[in-house]
Each structure stands twice: as C-alpha cells, then as structure tokens.
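Tertiary structure, described
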Amino acid sequence: MRSVRIPHDRVGAIIGNKGKTKKMLQEVSGIKLDISAEGEVVIHDEEITADPLMVLSITNVIKAIGRGFSPERATKLFDDDEYLEVIDLKEFIGGKSNQLPRIKGRVIGKNGKARRYIEDLTGVSITIYGNTVAIIGNSVNLPIAMHAIELLLNGSEHNTVYRYLENQRSRLKIIEMGFDI
C-alpha cells in the first residue's frame, strides 16, 4: 500500500462529480483508491494482480491531478510514452517568497502567451499551481519544454526562449515522421 498527498482543494477534482473520476481511475488501472477529505490518496497495490507499471502510472496520474491538471489531461499518463515532471519554483527564487508571483508570471507570460507558446510548439501540457510548474509530455517533447521553462526561470528573455522553441520545432517534426536525429 502506498499513499500520495494532494492539496486539499484538489480532492474534489480527483473524486469527480458523484465519484465519476475516482471510479474511472479505478476501472482503468484496476487498483482500488481511498481518498480522504484531507487529501491523502491511498493506492491499494498489495494485490497480487497489481501491475507495478500501472501502480506507477496511477501514482503519477494522482500527482498530476494534485498539481492542477484536469483528470482528462492527467490520464494521458496511462500511455506508455507520457511522463510527468514537476519543477519546484522555490529552487529558483533563493528563499525570497515575494519573488514567487514574478517567477510564475515569467512562465505564464502576458495573457498566457509563454505557456501557450511552449505547449503549442512542443505538444506538452503545462500547469502552474502553488509553488510548482508541472508538465506532461513524451520522451521527445518533454525535455525541450523543460529546458524552455528552465531558461525562463533562470532569467532568459522570452524572445530567446521563443527562438529556441522555433529551432526545436523542426527537430520535433523530423522525429514525429519516424526519423531519428
């Protein structure tokens, strides 16, 4: 048995309307979930039939929902080549909590432009929640999106990051066509 802690205000998202999301997660994974009102999600993986990879997948889906993804986006993590990465923004502000809104704003961009641009050019899903930026993507596009976000967090200008993404777009298209670079 393992457990995952999610923020209290995300409990409703993981349960869903009349328990539909919880039921869907249990049906897809074949693993029983117990969810407390405080945000403790217990994953019953002690059954002999529990697939270790499915346990890892359901754990990541729960973490993704806890980090602000919709259940629909989070369930992409059940696919073989989809991964979740979470960046702790506290690592980029040097203990100055008053800098958190500024650094979040750099990733979001004016009217959401930076986040949308990264998502559109790489095909990842991004959410900014609490002190974190979470990204869902595959083994090809996730590292590109991570690097773009880390460039922003380290102070690179938005135009520099956009140029980086444009340069990577052709690489992504070649890989999508089945060629390896």
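Below is a short write-up of the structure. (Residues numbered from 1 in each chain as written. Predicted model: local features only at pLDDT ≥ 70, side-chain atom pairs only at ≥ 80, totals over all residues. Heavy atoms only, no water.)

**Here we look at helix H2 (residues 20–29)**
Cut-off, in case you're wondering: Working definition: with a 1.4 Å probe on protein chains only, accessible area under 20% of the residue-type maximum means buried, over 50% means exposed, and in between means partly exposed. Secondary structure elements follow DSSP: runs of H or I of four or more residues count as helices, runs of E of two or more count as strands, with numbering from the N terminus. When we speak of the arc, we mean the arc of directions from the helix axis to the C-beta atoms. Contact definition: two residues touch when any of their heavy atoms are within 4.5 Å.
Thr21, Leu25 and Ser29 are the residues of H2 that are buried. What you see down the axis of H2 is that its buried residues fit within an arc of 55°, all on one side. Away from its buried face, by an angle of more than 90 degrees, H2 presents the exposed residues Lys20, Lys23 and Glu27. In the core, the buried residues of H2 are packed alongside helix H1 (11–15), strand E2 (32–35), helix H3 (52–66) and helix H4 (71–74). Just beyond H2, the residue with positive phi is glycine 30, at close to 75°.

**Quick word on the sheet that holds strand E4 (residues 83–88)**
Spelled out, the test is: For two strands to be treated as a pair, DSSP must find no fewer than two bridges joining them. All axes are obtained by fitting lines to C-alpha atoms, using only the stretch in contact for helices, and the reported angles, taken between N-to-C directions, cover 0 to 180 degrees.
Ordered by their spatial adjacency, 3 strands build an open sheet running E4-E6-E5, and the pairing between neighbours is antiparallel. For this open sheet the edge positions go to E4 and strand E5 (125–129), each flanked by a neighbour on one side alone. Between one strand axis and the next, the sheet turns by 15° as a mean value, whatever way the strands run. In terms of strand pairing, E4 meets strand E6 (residues 132–137) through 6 bridges, oriented antiparallel. Counted as the bridge partner of isoleucine 87 is valine 133 from E6.

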